[in-house]
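Structure at a glance
Residues per chain are reported as follows:
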Amino acid sequence: MPSLPWSDIDTVLLDMDGTLLDLHFDNHFWLEHLPQRYAELHGVSRAMAEMELQPLFERHAGQLQWYCLDFWSAELKLSVRELKLETAHLIALRPDADTFLGAIKRAGKRVVMITNAHRDSLSLKLERIELAPYFERLISSHDYGYPKENPQFWDALQADIGFDPARSLFIDDTLPILRSARNFGVAHLLAVKEPDSRKGPKDTGEFAAVEDYRDLIAGL
């Protein structure tokens, strides 16, 4: 993990799921809990549920509706928010993410969350993990109508908060999103080595990756 040039960074933009929070909650919900409850609620086998869900997931991946609980509740004819509450005990902070957040806030950096999570999902997580005090703003891509993968998200973010991409750090666990930020001109980019604590390290492509948040604090 290379040291960060903190004197060149004014704004820190942070993703939530897989970056600050353990992605195990989301992976377990979408890949295990939802298919099981869909099967039970619609009276089909688990295998049939997965056959019906998989093409839907693939069709909408990376689009705004993929992240929208209202869309999936209507599409699947069930309450996704209520089902998420059934597994909410799995929502957890990644190790030392709060230490990192406290350090950059004390150092006077501007700290903004930018997440593709739907507002309902964001609220559910903030009820269980106290993240809000660390941030100047908590922005959902649904506020703008474009996911972070879309260049128009970054235009909307720029118009909203007026940050300087050349003096900004962005940390996210999704490579297409990091590439979108790079195309916009965000100068300092980091991926996340192990977004899901149960799945081990992932390939972060051309991006350096966070393994231990304490390492990022050096030089602040």
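See the structure shown above.
These remarks concern the structure in this document.

What counts, and at which threshold
- Residues numbered from 1 in each chain as written.
- Predicted model: local features only at pLDDT ≥ 70, side-chain atom pairs only at ≥ 80, totals over all residues.
- Heavy atoms only, no water.
- Helix = DSSP H or I, 4+ residues; strand = E, 2+ residues; numbered from the N terminus.
- Buried < 20%, exposed > 50% of the residue type's maximum accessible area, 1.4 Å probe, protein only.
- Core = buried A, V, L, I, M, F, W, Y, C linked by side-chain atoms within 4.5 Å.
- Contact = heavy atoms within 4.5 Å.
- Salt bridge = Lys/Arg side-chain N within 4 Å of Asp/Glu carboxyl O.

When glycine is set aside, most residues are seen to have a negative phi, and most peptide bonds are trans. Positive phi is not limited to glycine here, since K77 has a value of about 60 degrees. Take K77: it is sitting in the loop between α3 (69-76) and α4 (80-85). For K77, a relative accessible area of 66% puts it in the exposed group.

What follows deals with the nonpolar core. If you look at the biggest cluster of nonpolar residues, it comprises 30 residues, and the most contacted ones within it are L14 and I171. At the level of secondary structure, the elements contributing two or more residues to this core comprise β1 (11-14), α5 (97-106), β2 (110-115), α6 (119-128), β4 (168-171), β5 (188-192) and α9 (213-216). Per-element tally for this core: the top contributor is α5, with four residues. In contact with I171, not counting residues within four places along its chain, are L13, L14, D15, T19, F100, L190, A191, V192, V210, Y213 and L216. V112, F153, F170 and L175 belong to the second-largest nonpolar core, a separate cluster that totals 20 residues.

A word on the pattern of salt bridges. On inspection of all chains with the given rule, the structure shows 18 salt bridges. Residue D172 is joined to K148 by a salt bridge in which the shortest nitrogen-to-oxygen separation is 2.7 Å. On the criterion of sequence distance, the pair formed by D172 in the loop between β4 and α8 (175-184) and K148 in the loop between β3 (137-140) and α7 (151-161) is long-range, its members being 24 residues apart. The residues D172 and K148 share a single accessibility class, namely buried. E206 is the salt-bridge partner of R182, the closest N and O atoms lying 2.9 Å from each other.

The next point concerns the environment of L190. Counting through the fold element by element, L190 comes out in strand β5. Along the chain, L190 and E206 lie 16 residues apart, while their C-alpha atoms are 9.8 Å from each other.

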